[in-house]
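# Coordinate analysis (summary)
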Amino acid sequence: MAAIAEEGRPSGVLQGFVLDRNHQPAEGVTVSLKGTIRQVSTNQKGFFIFANLVQGQYALVVSGVGLQTHEQPVNVTGEQMTNLTITIQETAQELQEVKVIAARGLREREVLPEVGYNAIFAGKKTEVINLGALDANLITNNSRQVFSKTPGVMVWESEGSGMQVGVAVRGLSPNRSWEFNVRQNGVDISSDPFGYPEAYYNPPMQAVDRIELIRGGASLQYGPQFGGLLNYVLKKPATDKPIAVESQQSVGSYGLFSTYNSVGGTARRWQYFGYVNYRRADGWRDNSRYNIFNGFASISYVVSNRLKIGAEVSRAYSVNQQPGGLTDAQFAQNARQSARPRNWFNVPWTVPSVTVDYALSDRTRLNLKVHGLFSERNQIGFVSAITNADIPNAGGQLANRTIDRDTYRNWGSELRLISQYNALGRQHTLSAGIKYFNGFTDRRQQGKGDIGSDFNLTLQDAAYPRALALRTTNVAAFAENLFRLSPRWSLTPGVRIEMLDNSISGRYSFATNGVENQVSQSRSRTFALVGVGTEYKLASFATFYGNYSQAYRPVTFGDLTPAALTDFVIDPNLRDARGYTLDAGLRGAYRKFLTYDLGVYYLNYANRIGTLTRLNEANRPYQYRTNLGQSVSKGVEAYVEIDPIVALAGRSKVGYISLFTSLGFTDARYLDLPTATVTNGQLVEGNLQRKFVENAPQFIGRFGLNYTYRTFTLTALLNRVGKAYSDANNTENATANAQTGPIPAYQVIDVSTSLRRKRYLFKAGVNNLTDERYFTRRAGGYPGPGILPADARNFYVTVGIKL
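The paragraphs below set out a description of the structure included in this document. Only a predicted model underlies this, so the values are computations on that prediction, with no experimental measurement involved.

### Here we look at the overall build of the protein
Along the protein, the regular secondary structure elements total five helices and 44 strands. In terms of overall size, the protein behaves like a compact globule, its C-alpha atoms giving a radius of gyration of 27 Å where 803 residues would be expected to give roughly 28 Å. Classification of the 803 residues of the protein by burial places 57% in the buried group. Considering only intrachain contacts with a sequence separation of at least 6, the fraction spanning at least 24 residues in the protein is 68%.

Encoded structure:
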């Protein structure tokens, strides 16, 4: 195998175009040199280029979703340019042809291939959202538009800045996406994936190339979470020029301004890419202004054809004013109002990583990622119940605000191997790896802040009443093997071994005499998760997939922290929540005009952690936190998209239309959830069996239309979400503080459009076209408490240029 040219030695260039069978450019196709780490994607013109190659024989491989893999030998001559034009053929599913010929809408959603760069996806329910082909408000990360073709995704719309994306599937909690293993370019970005899995950061969608979502079947290769994997893959540098620049400037309602600017390119062995993004707005609600900065830089160096080293760093900094929650009466009167003018939230977030790719042979690759997280979560405000007014007391003075601060210092590494091998006359694939994670959280809470209204973190006392050290150590080993039992049928069993320690120690509070009340809790465990997936190609347009995967939710820091020092006991044998997910579905594409994915699922969530009231030996009540509940979610997830013009006429001179629907039907209920209260000195026990799981609407439906004419596109989306409850009691009459009660059904319409002219881009849209008043969340604490209204009607306009 030829090697990469050394500095000063003659080198050749291999470049060319990839076309579909209709001789149209095939964008986004993967082109690689077999047995090396050299891999690129074709641009909008179908163009690819490999520079700095020493002369010799190479095996060029062209692959992609819905494509027959194309492999051909090519000879590269030193100091000369080798040009190729490759025509590719679709597989029986014909997905790539749909991308080229049909309406733009059909380009927005794909599935992951059976085997990826360093993982196996066969037999799993997967979705890829191509943001470059999406008509949506990416400026404020409008999640209901971004996930419009991903069935069953519940979105929390509790703040308009888009800094924190809160999504969930299958009856799980959307709270900052904490039921997902959230990653960026394959690296963990949440506070602590095990002890405190809330994602306070996500990248700006303008910088994201695609979003990869794998449902519960991801628990073996990526982590234990019930929700699966949510991976933001950022844009890549241009491979055909040393400098490529992109700039997008946006304005919108309520003082919205956003600027996104990126630069990247390839120069000999070096590749680089970076962006800066700043956005600000006053917000629709009173007291909801924000300023957000995002930055990213990456660089990589091709040491040889077999070895590539890269480094990247993300930096985010935001200051958001929090308008707080509302009571039901306040929401009905004026959802825009705010009774919390002094609440602020601040997130400095830094995620560095180093990546090493090494090709051991033509069939075996290694991928190593070493990553860190150096971040904070800071808030200051008046955090009492919304029924308590934040007004001056009789002496004319406001109450002191409360300061809470978290500091995160994490690092970890993940080594992955993927290898192709032959056995019994067929090629099979092994994917294996090991992951290490070490997390430390310094938690300081209940600090006495000032009586002002601006953002500051100036502590008025000598120390925080609560100061805790939270630690997590995790080592995991995993393996999956794709067995191709026939040309149509594959089977993928897998296993993951988890070793997990987490602990909490430090000062819980000060006693009245100034003595420190200490707390100390720890847990250590080792266990295995198993799973198996299968895939069978029933016909040229239909593939069956099925998957069983075990999962768990670790005991979190919150579970290990007592709610009070007296009359509160934590079960010394407190266990992680355990369960499994079953998936089955049928997906495919028919000719050039229809794509679909129809699936059913069953999610068993056992050993859920909760708190019961108990009586001690003196017949005094106390609170006891233990494993007590089990819930089951089952339902249907369906996505169907059709282009009627292509179906009836084949081609059109007046544009193409695609109609799509994305439906999620969920029945999420508790099978067992004991309750206990004390009445007149007597313990009264009950059970919330058959109650609906909180924040789990039974219906989520998104219905849309995409129209495409040359480079003009228009998308209209209707988003309908059914009724849900904010508590496990399924309380119908809201409490006075609005923290508990129903979340009514609602529907929202969004319209977006875009026009591309060579280097120029124009985008515009209106969100919540009919100006609905609705909410998706009742908060018990930050950023409420109370009802958190979603944004009213708003618009945005973007102009952009690529050089």
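### Structural notes on the sheet that holds strand β15 (residues 228-234)
Strand order in the open sheet made by the six strands is β8-β9-β14-β15-β12-β13, with mixed pairing throughout. Of all the strands in the sheet, just β8 (109-110) and β13 (187-188) have a single pairing partner and so form its edges. Both strand β12 (residues 180-184) and β15 contribute to a ladder of five bridges, which runs parallel. What sits directly across from Phe180, in β15, is Gly228.

### Digging into the sheet that holds strand β6 (residues 70-76)
On the basis of which strands lie adjacent, the open sheet formed by four strands has the order β3-β2-β5-β6 and antiparallel pairing. Bordering the open sheet on either side are β3 (39-41) and β6, each of which pairs with just one other strand. Strand-to-strand twist of the sheet, defined as the mean angle between neighbouring strand axes without regard to direction, takes the value 25°. Sheet topology note: the strand β5 (residues 56-63)/β6 ladder contains seven bridges and is antiparallel. In the strand pairing of β6, Val62 is matched with His70.

### Here we look at the packing of aromatic side chains
One pass over the structure, following the stated rule, counts 27 aromatic pairs. Geometrically, the ring pair formed by Tyr200 and Trp349 is tilted, given 6.3 Å between the ring centres and 50° between the ring planes. Linking Tyr200 in the loop between β13 and β14 (208-214) with Trp349 in strand β21 (residues 344-359), this pair joins segments that are 149 residues apart in sequence. Trp349 matches Tyr200 in its accessibility class, with the two residues each being buried. With a centroid separation of 4.6 Å and 90° between ring planes, the pair formed by Phe527 and Tyr552 is classed as edge-to-face. With Phe527 in strand β27 (residues 516-539) and Tyr552 in strand β28 (residues 542-553), the pair connects residues that are 25 residues apart, well separated along the chain. Neither Phe527 nor Tyr552 differs from the other in exposure class; each is buried. Feature note: the residues Tyr196, Tyr200, Phe345, Trp349, Tyr408 and Tyr782 constitute an aromatic cluster, connected by ring pairs. Over the face of the ring belonging to Tyr782 we find Arg377, whose NZ or CZ atom lies 5.2 Å from the ring centre. When the ring centre of Phe527 is taken as origin, the NZ or CZ atom of Arg578, which lies over that ring, is 4.6 Å away.

### Remarks on the pairing of β5
The element β5 is largely enclosed, with a buried count of six among its eight residues. The sheet contact formed by strand β2 (residues 30-33) and β5 spans four bridges and is antiparallel. The partner of Thr30 across the bridge, within β5, is Ser63.

### Comments concerning the environment of Tyr725
Tracing the backbone shows Tyr725 in strand β38 (residues 724-725). Between the C-alpha atom of Tyr725 and that of Arg170, which follows or precedes it by 555 residues, the distance is 15 Å. Apart from the residues within four sequence positions on either side, Tyr725 is in contact with Phe692, Glu694, Asn695, Asn730, Thr731, Glu732, Gly741, Pro742 and Ile743. Looking at Tyr725, its side chain comes within polar contact range of the side chain of Glu732, at 2.5 Å.

### Some thoughts on the pattern of salt bridges
The full count for this structure, using the stated rule, is 39 salt bridges. For Arg170, the salt bridge is made with Asp583, and the minimal N-O distance between the two is 2.5 Å. Taken together, the positions of Arg170 in the loop between β11 (166-168) and β12 and Asp583 in strand β30 (residues 577-590) put the pair 413 residues apart, joining distant regions of the chain. Accessibility assignment for this pair places Arg170 and Asp583 in one class, buried. The partner of Glu535 in a salt bridge is Arg587, with the nearest N and O atoms 3.1 Å apart. Here Glu535, found in strand β27, pairs with Arg587, found in strand β30; they are 52 residues apart in sequence, far enough to count as distant. When sorted by exposure, Glu535 lands in the same class as Arg587, which is buried. Ionic contacts of the salt-bridge type, sharing partners, join the residues Arg109, Lys125, Glu127, Arg170, Arg215, Asp583, Asp597 and Glu637 into one network.

### Quick word on the pairing of β14
β14 sits mainly inside the fold: five of its seven residues count as buried. Bridge count between β14 and β15: six bridges; the pairing is antiparallel. Along β15, the bridge assignment pairs Arg210 with Val233.

### A word on a nonpolar patch on the surface
Together, Val303, Ile309, Val354, Leu368, Val370, Trp411, Leu415 and Ile434 line one region of the surface with nonpolar side chains, adding up to about 590 Å² of accessible area. For the nonpolar patch, the elements supplying multiple residues, two or more each, are β22 (364-381) and β23 (402-423). Here Leu415 lies in strand β23. Note on Leu415: relative accessible area 35%, which makes it partly exposed.

### Looking at the nonpolar core
By size, the foremost hydrophobic cluster in this structure holds 57 residues, and its most contacted members are Phe147, Met205, Ile211, Tyr232 and Trp349. Element by element, the count of residues in this core is highest for β21, at four residues. The residues contacting Tyr232, other than those within four sequence positions of it, are Val165, Val182, Arg183, Gln184, Asn185, Ile189, Asn202, Pro203, Met205, Val208, Arg210 and Ile211. Counting 20 residues, the second largest nonpolar core, distinct from the first, contains Val18, Val29, Leu84 and Ile88.

### Focus: the side chain of Ser191
Note on placement: Ser191 falls in the loop between β13 and β14. At 2.9 Å, the side chain of Ser191 forms a polar contact with the backbone oxygen of Glu198.

### Overview of the environment of Ile86
Considering the arrangement of structural elements, one finds Ile86 in strand β7 (residues 81-87). With a relative accessible area of 2%, Ile86 lands in the buried category.

### Things to note about unusual backbone geometry
Cis geometry marks the peptide bond from Tyr782 to Pro783; its omega dihedral reads -5°. With respect to the helices, strands and loops of the structure, Pro783 is situated in the loop between β42 (775-779) and β43 (786-789). Backbone torsion omega between Gly784 and Pro785 reads 0°, so that peptide bond is classified as cis. Mapped onto the elements, Pro785 comes out in the loop between β42 and β43. In this structure, Asn287 takes a positive phi of about 60° despite not being glycine. Mapped onto the elements of the fold, Asn287 is located in the loop between β18 (270-281) and β19 (290-304). Judged by relative accessible area, which is 23%, Asn287 ranks as partly exposed. Even without being a glycine, Ala738 presents a positive backbone phi close to 65°. Mapped onto the elements, Ala738 comes out in the loop between β38 and β39 (742-743). Assessed through its relative accessible area of 0%, Ala738 is described here as buried.

### Remarks on the side chain of Asn118
As for its position among the elements, Asn118 is in the loop between β8 and β9 (126-130). Look at Asn118 and you get buried, because its relative accessible area is 17%. In this view, Asn118 contacts Asn367, Arg416, Ile418 and Ser431; residues no more than four positions away in its chain are not counted.

The rules behind each value
Residues numbered from 1 in each chain as written. Predicted model: local features only at pLDDT ≥ 70, side-chain atom pairs only at ≥ 80, totals over all residues. Heavy atoms only, no water. Helix = DSSP H or I, 4+ residues; strand = E, 2+ residues; numbered from the N terminus. Rg over C-alpha atoms; globule rule 2.2 N^0.38 Å. Buried < 20%, exposed > 50% of the residue type's maximum accessible area, 1.4 Å probe, protein only. Contact = heavy atoms within 4.5 Å. Pairing = 2+ DSSP bridges. Axes fitted to C-alpha atoms, helices over the stretch in contact; angles between N-to-C directions. Phe/Tyr/Trp six-rings, centres within 6.5 Å; stacked < 30°, edge-to-face > 60°. Lys NZ or Arg CZ within 6 Å of the ring centre and 35° of its normal. Polar contact = N/O pair within 3.5 Å; in protein donor to acceptor, adjacent residues only side chain to side chain. Salt bridge = Lys/Arg side-chain N within 4 Å of Asp/Glu carboxyl O. Patch = residues over 30% accessible without salt bridge, like charges linked within 9 Å, V, L, I, M, F, W, Y side chains within 5 Å. Areas by Shrake-Rupley, 256 points an atom, 1.4 Å probe, with all protein chains shown as cover. Core = buried A, V, L, I, M, F, W, Y, C linked by side-chain atoms within 4.5 Å.

Remember that the coordinates give geometry; whether it matters functionally is a separate question.
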